Amino acid sequence: MSITIGDIKLSMPVILAPLSGVTDLPFRKLVKKFGAGLVVSEMIASRAMIVSSRQSLQKSKIMQDDATGACVQLAGCEAEVIAEAARMNEDMGAKIIDLNFGCPALKVVGSYSGSALMRDEINAANILEATVKAVKIPVTLKMRTGWDDKNRNAPKLAKIAEESGIKMITVHGRTRCQFYTGRSDWAFIRSVKEVVKIPVVANGDICTPEDAEKCLEVSGADGVMIGRGSYGKPWLLNQIAHYLKTKEHLPTPSLLEQKQIILEHYDEMLELYGADTGVKNARKHLGWYSSGLPNSSEFRAKVNLMSSAEEVKAFIEEFYNRVIDNLAQAA
């Protein structure tokens, strides 16, 4: 099983989803280091990209040494603006542009972007065509099944996208109005796969290797995209890819290995954002990494009160060393 996006062949059919506030450069580098077919940037507002806001440029930073690691996702509702943002990212080294027709957030759909575009097929088509014409690199699309249960038009939009020159489509198996409630409808994704020849990737509620296997069976998709399941588990995508290929489970990194992974991630965040913002952004990741460990709630509470980067790092080491020692004694 493999996926080819234009002239780019992915090493495995498992992709990291664009997650606002999560899939920044440090996290993408870490996931790619373990193994992933493709990692996608956080969603970037196209107009903010054009005016070169500091935050947008930070989000669009790419891994220069990874031919398939430079996928930048753009959002917006104006075809010419998105096309210009796509050109900018191509000039900065992006290898793939992904268009966001799926974000359900009120502030995004309120500006007629994200999943709101599924309600305006004419403008959606204009955006798709303009972006494809604007760049030489492949353009992909991420969307939902539709706006609501009465308007699940993903198959129709998929055809429009393919005819516009889009090279891959990812479908989150919920409507916009569901947000993240209920279950991702993997079976509906099959109706998208059946009307296009380009690769279709399934997304939503894929948290284990077995989930991925079942999703591919039910959806008929060419690959899977992992989002919230990767929180605190940058190794998960490689575990899924290995299982899909061999039906064997890769072990989860030991706690000692996890400590080193966390410290590496933490240092990368400090380097990108600086101490103050780096500490603030790291807190959620530290919460996810430590979830389920003894006294993890106490660890999270203390980290949330700390502001010194050095103090946080020392406490990470102290906490993990204590957990490792206690578990070894208990054994």
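Residues numbered from 1 in each chain as written. Predicted model: local features only at pLDDT ≥ 70, side-chain atom pairs only at ≥ 80, totals over all residues. Heavy atoms only, no water.

With reference to specific residues and values, describe the packing of aromatic side chains.
Evaluation of the coordinates by the stated rule reveals 5 aromatic pairs. Between the aromatic rings of Phe 34 and Trp 235, the centroid separation amounts to 6.1 Å while the plane-to-plane angle is 70 degrees, which identifies the pairing as edge-to-face. Here Phe 34 is found in helix 1 (residues 25-34), whereas its partner Trp 235 is found in the loop between strand 10 (223-226) and helix 10 (236-246), with 201 residues between them in sequence. Residue class for Phe 34 comes out partly exposed when judged on its relative accessible area of 27%. (Phe/Tyr/Trp six-rings, centres within 6.5 Å; stacked < 30°, edge-to-face > 60°. Helix = DSSP H or I, 4+ residues; strand = E, 2+ residues; numbered from the N terminus. Buried < 20%, exposed > 50% of the residue type's maximum accessible area, 1.4 Å probe, protein only.)

Give me the lowdown on the pattern of salt bridges, citing residues and values where you can.
Under the definition given, this model contains 16 salt bridges. The shortest N-O distance in the salt bridge between Asp 222 and Lys 193 comes to 2.7 Å. Highlighted residues: Asp 222 in the loop between helix 9 (209-219) and strand 10 and Lys 193 in helix 8 (residues 186-193), separated in sequence by 29 residues. Between Lys 247 and Glu 213 there is a salt bridge whose closest N-O contact spans 3.6 Å. One end of the pair, Lys 247, is in the loop between helix 10 and helix 11 (255-273); the other, Glu 213, is in helix 9, with 34 residues separating them in the sequence. Given the relative accessible area of 48%, Lys 247 is considered partly exposed. Ionic contacts of the salt-bridge type, sharing partners, join the residues Arg 174, Arg 183, Asp 205 and Arg 228 into one network. (Salt bridge = Lys/Arg side-chain N within 4 Å of Asp/Glu carboxyl O.)

Which residues make up the pairing of strand 9 (residues 200-203), and what values go with them?
The two faces of strand 9 match: Val 200 and Ala 202 on one face and Val 201 and Asn 203 on the other face are all buried. For strand 8 (residues 169-175) and strand 9, the ladder comprises 4 bridges, and the chain directions are parallel. Looking at strand 9, one finds that His 172 is bridged to Asn 203. Traced from strand 8 through helix 8 to strand 9, the parallel crossover comes out right-handed. (Pairing = 2+ DSSP bridges. Right-handed = clockwise from strand over helix to strand, strands pointing away.)

Let's hear about the nonpolar core: which residues, and what values?
Counting residues in hydrophobic clusters, the biggest one holds 76 residues, and the most contacted among them are Leu 74, Leu 99, Phe 101, Met 143, Val 224 and Ile 240. What Val 224 contacts, discounting residues up to four positions off in sequence, is Pro 13, Val 14, Ile 15, Val 201, Ala 202, Ile 206, Ala 212, Cys 215, Leu 216 and Ile 240. The next biggest cluster of nonpolar side chains, apart from the first, holds 27 residues, and it includes Leu 255, Ile 261, Phe 315 and Phe 319. (Core = buried A, V, L, I, M, F, W, Y, C linked by side-chain atoms within 4.5 Å. Contact = heavy atoms within 4.5 Å.)

Tell me what's going on with the pairing of strand 5 (residues 71-75), and back it up with residues and numbers.
The element strand 5 is largely enclosed, with a buried count of 5 among its 5 residues. Side chains of strand 5 alternate between two faces, with Cys 71, Gln 73 and Ala 75 and Val 72 and Leu 74 buried alike. Note that strand 4 (residues 38-45) and strand 5 share 4 bridges and pair parallel. Across the sheet, residue Ala 45 finds its bridge partner in strand 5, namely Ala 75. Pairing between strand 5 and strand 6 (residues 96-101): 4 bridges, direction parallel.

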